[in-house]
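Chain and residue survey
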Amino acid sequence: MNKYLKIIFALFVVLIICYFFLNTVKPDEDPSRAMVESYKSECREDIKAGRDLFKRLETYSGPKNVETILAPLNDLAIILGSSSSKAVLYQCVHPNAEIRDIAVSQEKEIIKLATDIALSVPIYHACSAVDVSDREAVTQRFLEHTLRDFRRSGVDKSEETRKRIRELKDELVVLGQEFSRNILEDVRSITLNSVNDLAGLPSDYIDAHKPDGNGKIHINTDYPDFIPFSRYAQNDQSRFELYKHFRNRGYPQNKAVLKNILMKRYELARLLGYKNYAAYVTETKMIKSESNIRDFIYKISEIATTRAEKEYQILLERLRKTDPKATKIGDWQKTYFQELVKQKRYNIDSKDIRKYFQFGNVRNGIFDLTTTLYDVTFRPWKTEIWHESVEAYEMLDKGRVIGRFFLDLHSRENKYKHAAHFDLKSGVTGRQIPTSVLVCNFPGEENESALMEHSQVVTFFHEFGHMLHHFFAGNQQWVKFSGIATEFDFIEAPSQMLEEWVWDTTTLQIFAVNKEGQTIPPELVEKMVEAKEFGIGLDTKHQMFYAAMSLDFYDCDPNDLDLDATMSALQNRYSPFEYVPATHMYANFGHLDGYSAMYFTYMWSKVISKDLFSRFKQEGMLNPKIAGEYRKAVLAVGGSKDAVDLIRDFLGRPYSFEPFAVWLNDDESSK
Ligand SMILES: [Zn+2]
């Protein structure tokens, strides 16, 4: 009996232990769950803080001055700016689908609140009552721009009109997101039957594209696949097929989406008292009007014509070696033949150049160059990251942190496919350190010595240029003028200018070293520069096709607009490369939403950047004195002055087209 009791007792103890074990020890907390919950509550808090402040401002009835009205409005902009920037970033890079979805709704919420503020009659009246006549110029400018932006948002229109404006803005957010999602998610591919179809491609590309179980090779329309294939693949038919898929991403879904965006923006512009949306968006830019864009496109296209014609003939002659009857170069052939011509004429091969651009060296080289020019330093920054391949750094000026940044530089599934600088936080004096994210799709995740294309190095410098602008202009009282918050058609100029350094021997010798430790030879850089200049006439004309499409889609009543007919006509008019039937490139031209009528801004900024660069060219590219003056007069100013004025401050004269025209017409390389 005693023995049975012992067994029963032992079983009882085991049961108790099991009971406690099951009830006290839970499975590990799911870290991704915690991350989702934490982001969700951060979003809720931001919206609550913003809504509370908005309500306080709307109902405020005390004395109206800078401290009671403009300062809280600035606070509101800081909250909304940071929250919306994070939401935009997460949509593009976060590996967690739930977080991407939360980010989409957060962006919508923020835009809704921003629209409420922009259409708030009490806040507009409160701002109008603030007297800044005895304040410093930048505060006067802040009020002037704030009132201007209120009027541009329709705050002084009837209640019924304001209601419609709000509806349109909400709908446009949804449509814009749909437009980019359709592009992002539409990855198409071609199937090759044998490795012979990869002839011409670099060996690492061939290694990365092994045949599947059925011996088939798949090449998709994402940039890391598409760009080398367009440049090197000898098989014309495969290049043509991949090109057609690439030009059709987002089609047909985005045809209706884009048409809807154009219609709603047109209606919005009309309600606000403008002829069309192009007239509305250009009012606050350097270019000032849509007719100035048209003149600009015409002028640039004219300047480039002679050179483009010479270059076209060179490509055609090369094609005729294999196809004697050829009368034209197809749009899908231009990259390939330009590469062949460059190899022959300049005796260089992009594959030889790549040897000198190991990812890790390039990244460190950009840091070193920035240190040389601006006397700043970099150090790793310990913080949370959203993917294991992301790196974080701080930039210091005389020991003080003046910028923080994330480098999210390698491709992965569901990640933004292009290269971009995201301004995560804008700098506000004494309150917020500017923070940026560079998002690109470079090799080198597994191995820092992975090789980059020189064009990718150019991209890296370009995006880094945006970041430096954002950091150096991060010491502002008004967040409205902080960082790259300058006129939209000036933003690209500092970045485009920084690209010049990627073609400078002395700069390249800092970091362009091959595996054997040899530095890039100066003769190779010289040839690279000559080769780069080959094709600029053609490219400038082709860019004017994009600029004209962006303008023509917005400079009209879209009810009368035939997207396909207009696009193909413009390509045939401006680009040296004819429109390829049954392609619908507007369906994946993301800028048509983001830049609306203002794609011209890339070329416009190039004109400005050539002008700004003229001083460095004369007085030394690695001259810290000039760099210091440039930082002070141009970069640090942010949006607190008109771009036209800060350019004049740096150059000592108004901006000019001359350096651009000289560069474009210096056609040694097209002879
Ligand atoms: Zn850019």
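Nothing here was measured: the structure is a model prediction, and the numbers come from that model.

**Concerning the overall build of the chain**
What the chain contains, in helices and strands, is 27 helices and seven strands. Taken over the C-alpha atoms alone, the chain extends approximately 100 × 85 × 55 Å along its principal axes. Expressed as a percentage of its 671 residues, the buried residues of the chain come to 40%. Taking the contacts inside the chain whose residues are at least 6 apart along the sequence as the reference set, 73% of them involve residues at least 24 apart.

**A word on the sheet that holds strand β6 (residues 420–425)**
With respect to topology, five strands assemble into an open sheet ordered β3-β4-β5-β7-β6, the strand pairing being mixed. Each having just a single partner strand, β3 (376–380) and β6 make up the two edges of the open sheet. Recorded for the sheet is a direction-independent mean angle of 25 degrees between the axes of neighbouring strands. The pairing of β6 with strand β7 (residues 435–442) spans five bridges and is classified as antiparallel. Paired with K425 across the strands is T435, a residue of β7. The strands that helix α17 (residues 454–472) touches are β4 (391–397), β5 (400–410), β6 and β7; relative to β7, the one it contacts most, it runs at about 175 degrees.

**Quick word on helix α9 (residues 223–232)**
Among the residues of α9, those classed as buried are D225, P228, F229 and Y232. Around the axis of α9, the buried residues are gathered within 105 degrees of arc, so they sit on the same side. Among the structural elements, α8 (203–208), β2 (217–220), α10 (236–247) and α14 (334–345) are those in contact with the buried residues of α9.

**Some words on the nonpolar core**
Counting residues in each nonpolar core, the largest one holds 144 residues, and the members touching the most others are I297, L438, A547, A548, L551 and F600. Considering every element that reaches this core, the biggest residue donor is helix α3 (residues 66–93), with 12 residues. Each residue touching F600, except ones within four places of it in the same chain, is listed here: I293, F296, I297, A547 and L551. Of all hydrophobic cores here, the second largest spans 13 residues; its members include I190, L198, I219 and W332.

**As for the domain arrangement of the chain**
Assigned domains within the chain: domain 1 (187–247) and domain 2 (359–535 + 602–670). The straight-line distance from the C-alpha centre of domain 1 to that of domain 2 is 32 Å.

**Comments concerning the packing of helix α2 (residues 31–59) against α3**
Running from N to C, α2 and α3 point in directions that differ by 160 degrees, and their axes come no closer than 10 Å. Regarding the angle of α2 to α3, the classification is roughly antiparallel. Once α2 is placed against α3, the crossing between them reads as left-handed. Contacts between α2 and α3 pair D46, A49, G50, L53, F54 and L57 from the former with P72, L73, D75, L76, I79, L80 and S83 from the latter. Looking at the contact of α2 with α3 residue by residue, the class counts come to nine nonpolar, two polar and two charged.

**Thoughts on the pairing of β5**
Summarising the sheet, β4 and β5 pair through seven bridges and their orientation is antiparallel. Within β5, the position partnered with E394 by the bridge is R404. In this antiparallel pair of consecutive strands, β4 and β5, the connection spans two residues, and K398 shows a positive phi of 50 degrees.

**A few points about the environment of L242**
As for its placement among the helices and strands, L242 is situated in helix α10. Setting aside residues up to four positions removed in sequence, L242 forms contacts with I190, I219, T221, F226 and F229.

**Re unusual backbone geometry**
Across residues other than glycine, the phi torsion is negative in most instances, and most of the peptide bonds are trans. Here the amide bond leading from Y251 into P252 is cis, since omega sits at 10 degrees, within 30 degrees of zero. When you line up the elements, P252 lands in the loop between α10 and α11 (253–271). For K288, which is not a glycine, the phi torsion comes out positive at approximately 75 degrees. Residue class for K288 comes out partly exposed when judged on the 13 C-beta atoms lying within 10 Å of it. Look at K398: it is not a glycine, yet its phi comes out positive at around 50 degrees. Within the element layout of this structure, K398 appears in the loop between β4 and β5. The exposure class assigned to K398 is exposed, which follows from the 8 C-beta atoms found within 10 Å.

**Points about the pairing of β4**
The side chains of a regular strand alternate between both faces of the sheet. Both β3 and β4 contribute to a ladder of five bridges, which runs antiparallel. Across the sheet, P380 pairs through a bridge with Y393, a residue of β4.

**Here we look at helix α25 (residues 624–635)**
A rise of 1.5 Å per residue sets the reference length of α25, with its 12 residues, at 16 Å; its end C-alpha atoms lie only 14 Å apart and thus fall more than 12% short of the reference. Y630, R631, V634 and L635 are the residues of α25 that are buried. Buried residues of α25 fall within an arc of 105 degrees about the axis and therefore sit on the same side. Those residues of α25 that are buried lie in contact with α16 (359–374), α17, α18 (492–498) and α26 (643–651).

**Comments concerning the packing of α9 against α14**
Contact pair α9 / α14: the axes reach a minimum separation of 6 Å and the direction vectors enclose 55 degrees. Between α9 and α14, the angle is such that the two are oblique. Across the interface between the two elements, S230, R231 and Y232 of α9 pack against T335, Y336 and E339 of α14. When its residues are assigned to classes, the contact of α9 with α14 shows two nonpolar, two polar and two charged.

**Here we look at the environment of D170**
Take D170: it is sitting in helix α7 (residues 159–185). Each C-alpha atom, one on D170 and one on I111, is 7.6 Å from the other, the two residues being 59 residues apart in sequence.

Criteria and cut-off values
- Counting of residues starts from 1 at the beginning of each chain's written sequence and follows it residue by residue.
- The predicted origin of the model limits local features to residues at a pLDDT of at least 70 and limits the giving and counting of side-chain atom pairs to 80 or more, whereas totals for whole chains, interfaces and linings rest on all residues.
- Segments assigned H or I by DSSP are reported as helices when at least four residues long, segments assigned E as strands when at least two residues long, and all are numbered from the N terminus.
- Note on burial: count the other C-beta atoms lying within 10 Å of the residue's C-beta; 20 or more is buried, 12 or fewer is exposed, in between is partly exposed, and C-beta positions come from the backbone.
- What counts as a contact here is a pair of residues whose C-beta atoms, placed from the backbone, lie within 7 Å.
- Here a strand pair is declared whenever DSSP counts at least two bridges between the two strands.
- Where helices are involved, their axes are fitted lines through C-alpha atoms of the stretch in contact, as for all axes, and angles between N-to-C directions lie from 0 to 180°.
- Note that the arc is computed from the directions linking the helix axis to the C-beta atoms.
- For our purposes the nonpolar core covers buried Ala, Val, Leu, Ile, Met, Phe, Trp, Tyr and Cys residues that link as a set through C-beta atoms within 7 Å.
- Bear in mind that the domain bounds are from an automatic or database domain assignment.
- Here the word oblique covers every angle except those under 35 degrees (roughly parallel), over 145 (roughly antiparallel) and from 65 to 115 (roughly perpendicular).
- Crossings are sorted by hand: turned counterclockwise from the far helix by less than a right angle, the near helix makes the crossing left-handed, and turned clockwise it makes it right-handed.
- Note on residue categories: nonpolar means Ala, Val, Leu, Ile, Met, Phe, Trp, Tyr, Cys or Pro, charged means Asp, Glu, Lys or Arg, and polar means any other residue, Gly included.
- Helix span, as expected, comes to 1.5 Å for every residue beyond the first.

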